[in-house]
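One-letter residues, chain by chain:
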Amino acid sequence: MDETKRTFPGRVMGVDIGSRSIGLVALEDGRTARALTVPTTYDLLRQCRRVLEGEQAARVVATGYGRKLFTQEFAGAPTLGHVSDITEIQAHALGARALFPQARTVLDIGGQDTKVISLSEAGKVVKFEMNDRCAAGTGKFLEFMAVALQVPLEEFGAFALGADKRLRIGSMCTVFAETEATTLMAMGERPENIAMGLHLAIAGRVSAMAGRVGGPGPLVFSGGVARNACVVRLLAESLGEAPLIPDEPELVGALGAALAGLARCRAAGPTG
C-alpha cells in the first residue's frame, strides 16, 4: 500500500501498555485531542483494539511492558500510519519534561516496576535505575497489601495517614511482608499503623533508588501510585522537597510516546 494513503497528517498517538492500565494520548497539531486510561485486563490486545477503534493517526508510538506485542499486532494497520515503540525510560523522561520543564529527576511507580531517571539540564536521560524483578517497591506491592488489610486500593494512602505511630516493616518481600502484617494484626496492632509501616517500607526503597541515581530536584512523580497521598507525603519527607505531581500521572508515559511520535513526524517532513 502507498505510504501516503495511510498517513493522517497532524495527528499522532502514544499508547502506554502497562500491567494494570493502558493509557492513550492523541496529539493533533501538537495539542492534546484525546486522553484516556482503561484497565489492561487479561487480554491486552483486545483492550488496545477497543481503545484504537475509529482512530486515525500519522504515527503511533507504543511504550510500556506490552509495547513489542502492540507493534507486532498493529504494524500495517491501514488507519494508523507508522507504528513503532520506545522504552519506558524514554517515554517518561519526555512526558515529565514536557509537563514540568524544570524537572531533573523522574520517579515512576507502576504496577510491576519502579523507575528513577536522572535528566540533564537539556532534558536528556543521564542515568536511571529500574526495579522490575519483584513486586517490592511497586504498585503491585501496595495492591497486595491493601487486599491483605481489606482496604480499597484507592483509599489505602488516606487509610495509612490515619496512623498514630510509625511501625517498621522489616521485609520488602511481598509474601514475608504479608506474614509480618498478619502477625502484627494478631498482636492487636491498629491496621492504620500497619498500613503506615508498609508505606514507609515502599517510600524507603524508592528513596534509596533515588539516592543511587543521584539526580537533583525538582522530581516529577508519575504513575498511578502518585495518587497515593501517603506515599507522596513520605517521599517529600525523605527527599526534602515535595514531588511535582501531574494532573494525570498515569498518562505521563503515553504523553511521552506521543511526543516522540510528533518529533518523528516533524523529522520525516510533510509525508511522514
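Only a predicted model underlies this, so the values are computations on that prediction, with no experimental measurement involved.

(A) Fine view of the sheet that holds strand E2 (residues 21-28). Strands sit in the order E3-E2-E1-E4-E5 across an open sheet of 5 strands; the sheet is mixed. Looking at strand neighbours, the two that pair on one side only are strand E3 (31-39) and strand E5 (82-85), the edges of this open sheet. Across the sheet, the mean angle separating the axes of adjacent strands is 15° when strand polarity is ignored. Relative to E2, strand E1 (residues 11-17) is paired through 7 bridges, and the arrangement is antiparallel.

(B) Quick look at the sheet that holds strand E7 (residues 114-119). An order of E8-E7-E6-E9 is seen for the 4 strands of this open sheet, with the pairing classed as mixed. In this open sheet, the two edge strands, each paired with only one partner strand, are strand E8 (125-131) and strand E9 (219-222). Each strand of the sheet is rotated relative to its neighbour by a mean of 15°, with strand direction disregarded. For E7 and E8, the ladder comprises 6 bridges, and the chain directions are antiparallel. Of the residues in E8, the one forming a bridge with Ser118 is Lys127. The sheet contacts of helix H8 (residues 229-239) involve strand E6 (105-109) and E9, and relative to E9 the element is tilted by about 160°.

(C) Representation of the environment of Glu28 in the model. Considering the arrangement of structural elements, one finds Glu28 in strand E2. A relative accessible area of 36% means that Glu28 is categorised as partly exposed. Considering only alpha carbons, one finds Glu28 and Pro191, 163 residues apart in sequence, at a separation of 48 Å. Residue contacts for Glu28: discarding those within four places in its chain leaves Gly10, Arg11 and Ala33.

(D) Summary view of the packing of helix H4 (residues 139-148) against helix H7 (residues 191-213). The N-to-C vectors of H4 and H7 enclose an angle of 170°; their axes lie 11 Å apart at closest approach. Judged by the angle between their axes, H4 and H7 are roughly antiparallel. Mapping the contact onto sequence places Phe141, Leu142 and Met145 in H4 and Leu198, His199 and Ile202 in H7. Grouping the amino acids of the contact of H4 with H7 by side-chain chemistry returns 5 nonpolar, 1 polar and no charged.

Reading guide: rules and limits
Residues numbered from 1 in each chain as written. Predicted model: local features only at pLDDT ≥ 70, side-chain atom pairs only at ≥ 80, totals over all residues. Heavy atoms only, no water. Pairing = 2+ DSSP bridges. Helix = DSSP H or I, 4+ residues; strand = E, 2+ residues; numbered from the N terminus. Axes fitted to C-alpha atoms, helices over the stretch in contact; angles between N-to-C directions. Contact = heavy atoms within 4.5 Å. Buried < 20%, exposed > 50% of the residue type's maximum accessible area, 1.4 Å probe, protein only. Parallel < 35°, antiparallel > 145°, perpendicular 65-115°, else oblique. Nonpolar A, V, L, I, M, F, W, Y, C, P; charged D, E, K, R; others polar.

Any functional reading would require information beyond the geometric quantities listed.
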